[in-house]
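Below are the chains, spelled out letter by letter.
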Amino acid sequence: MKDPESRTVFAGVDGRTDTELPDWYRRKKTVDEPKSFAETIRDLPQAVETTVAYRNPYSDEWVETDRFNALVEPTRARDHATDDEPGADPLFHVPTDSYAIINPVDVYRPLEEVLREETIDGTPLDDVMFGEIRRYRGGGEVHMDVMFDGLEVRLPGRADPITMGVTSGYDFFGEHAVYVEGFAQDGYCSNSMRSLTDKEVIKHVGDVRDFRTWWEEILAQVELVADDLFEFIRDAQDIDLDFSELPFTVTEFYSLLGFPDYLAERAAEDAEANAASPFEIDMWTLHSGATYALTHFFQGKEGASLDGYVRTANDILFNPEGTIERVERAYEEQLEADGDDGSQASLAGERALASIERVNDDLQEKVDQFEEREDALRERFQDAMG
């Protein structure tokens, strides 16, 4: 992903906690003294409204209008008005008068309250929370990972866990006021697993809901995913794709799923390196290859440009049947686009499609348990969201 303008690592909800970063996270971030979450949130830029005027090109006069309001950062606006920093740019956005400002403290102060009350194995979440906040566009766009040490999945043979949490963020530019979704980070390889729950989004218009209840419901969903994630991974490890029997390479597998070439190549490199055999790779390792490429090599922005690829990567783990069907459709379309160069080529294409269908047929006996587990998880999600 594109590098943020700044990163801040935090541990513990406020200065009253004595929270330390997990060893695996500290090694990745090389931070000695992380800030508290509350301090970090209150250091983020805020937005306030001020009036807007336009210049009449005929009279050269400035005319005020109440149809729009400029969103400015108050500290920068004050600095701009003095001789201290006359070059400071306080302007974020000029939206219509239906725009509703939601500042970070409005969203995340209720989260702090919830974390002081919720627990993991008897330990308050505010004592075990940690993560990172990233700023873009002058601090007008913010994304963050919030994780909970101890809310985790441990895989056999790995010293470092997959740690659960949420990824959240907001901007002042009209795209979304705030979003949140389930998230995990694999301490073994620092891969980020995004969109583990449905993304909840609040727009910049209309009434702002009760954020305290919102956070309680979302954290309940994350705990449900933590309970089931190990089972999904274990089942995916039992589903192997034998690329020696398939008409495409591992790199082409990712390309057929819609990954651009540079990501497909990185994903394949990682999957082949971590598989027992580079020709026979299970669906968990293929998923991990995809998340590796997206975490470390994606060249776009966080947010909407990343979301589609994340959903495709997650399908490899949570919906293997749908993944194979998508690959089969893409391969068939590719054959049709290449045209019919004769009966021999046509026969080769039919054989290739038959080999993919055999893989799909072999999946059928395991598909039911994936679907049953996903249906049960969705039902529990609905219960958690009231």
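Residues numbered from 1 in each chain as written. Predicted model: local features only at pLDDT ≥ 70, side-chain atom pairs only at ≥ 80, totals over all residues. Heavy atoms only, no water.

## Some points on the overall build of the protein chain
Going by this rule: Only DSSP runs of H or I reaching four residues or more are called helices, and only runs of E reaching two or more are called strands; each is numbered from the N terminus. Residue exposure (1.4 Å probe, protein chains only): buried if accessible area is under 20% of the type maximum, exposed if over 50%, otherwise partly exposed. Residues are treated as being in contact if the distance between any of their heavy atoms lies within 4.5 Å. In this tally, Asp and Glu contribute negative charge and Lys and Arg positive charge; neither His nor the terminal groups of the chain are included. For charged residues, the charge sits on one atom: NZ in Lys, CZ in Arg, CG in Asp, CD in Glu.
Within the protein chain, the secondary structure is distributed over 12 helices and 14 strands. Along the longest, intermediate and shortest principal axes, the C-alpha atoms of the protein chain span 75 × 65 × 40 Å. Scored against the burial criterion, the 386 residues of the protein chain give a buried share of 49%. Long-range contacts, defined here as pairs at least 24 residues apart, represent 66% of the contacts in the protein chain between residues at least 6 apart. Charged side chains in the protein chain number 37 positive and 87 negative. The centres of these two groups are separated by 5 Å.

## Describing the sheet that holds strand E3 (residues 62–72)
So the rule is basically this: Two strands pair if DSSP finds at least two bridges between them. Angles here are taken between N-to-C directions and fall from 0 to 180 degrees, while the axes themselves are lines fitted to C-alpha atoms, restricted in helices to the stretch in contact.
Strand order across the open sheet formed by three strands is E2-E3-E4, with antiparallel pairing between neighbours. With one partner strand each, in any of the chains shown, strand E2 (48–55) and strand E4 (91–93) form the two edges of the open sheet. Taken pair by pair, the neighbouring strands of this sheet meet at an average axis angle of 60°, ignoring direction. For E2 and E3, the ladder comprises eight bridges, and the chain directions are antiparallel. Paired with Thr51 across the strands is Asn69, a residue of E3.

## Remarks on helix H9 (residues 283–297)
How we decide: By this rule, a helix spans an expected 1.5 Å times one less than how many residues it contains. By the criterion applied in these results, polar contacts are pairs of N or O atoms within 3.5 Å in which, for protein atoms, one can donate a hydrogen and the other can accept it, and in which residues neighboring in sequence qualify only through two side-chain atoms.
The end-to-end C-alpha distance of H9, which contains 15 residues, comes to 21 Å, matching closely the 21 Å that a straight helix rising 1.5 Å per residue would cover. Burial within H9 is extensive, with 12 of its 15 residues counted as buried. The set of residues buried in H9 consists of Met283, Trp284, Thr285, Leu286, His287, Ser288, Gly289, Ala290, Thr291, Ala293, Leu294 and Thr295. Put simply, Asp282 is the residue that caps the front of H9, since its side-chain oxygen is 3.0 Å from the backbone nitrogen of Trp284.

## Quick word on the confidence of the model for the protein chain
Under the convention used in this document: Within a predicted model, pLDDT stands for the predictor's per-residue confidence, ranging from 0 to 100.
Taken as a whole, the protein chain shows an average pLDDT of 87; of its residues, 90% reach a score of 70 or greater. The least confident element of the protein chain is helix H12 (residues 343–384), whose mean pLDDT is 69; the most confident is helix H8 (residues 261–274), at 97.

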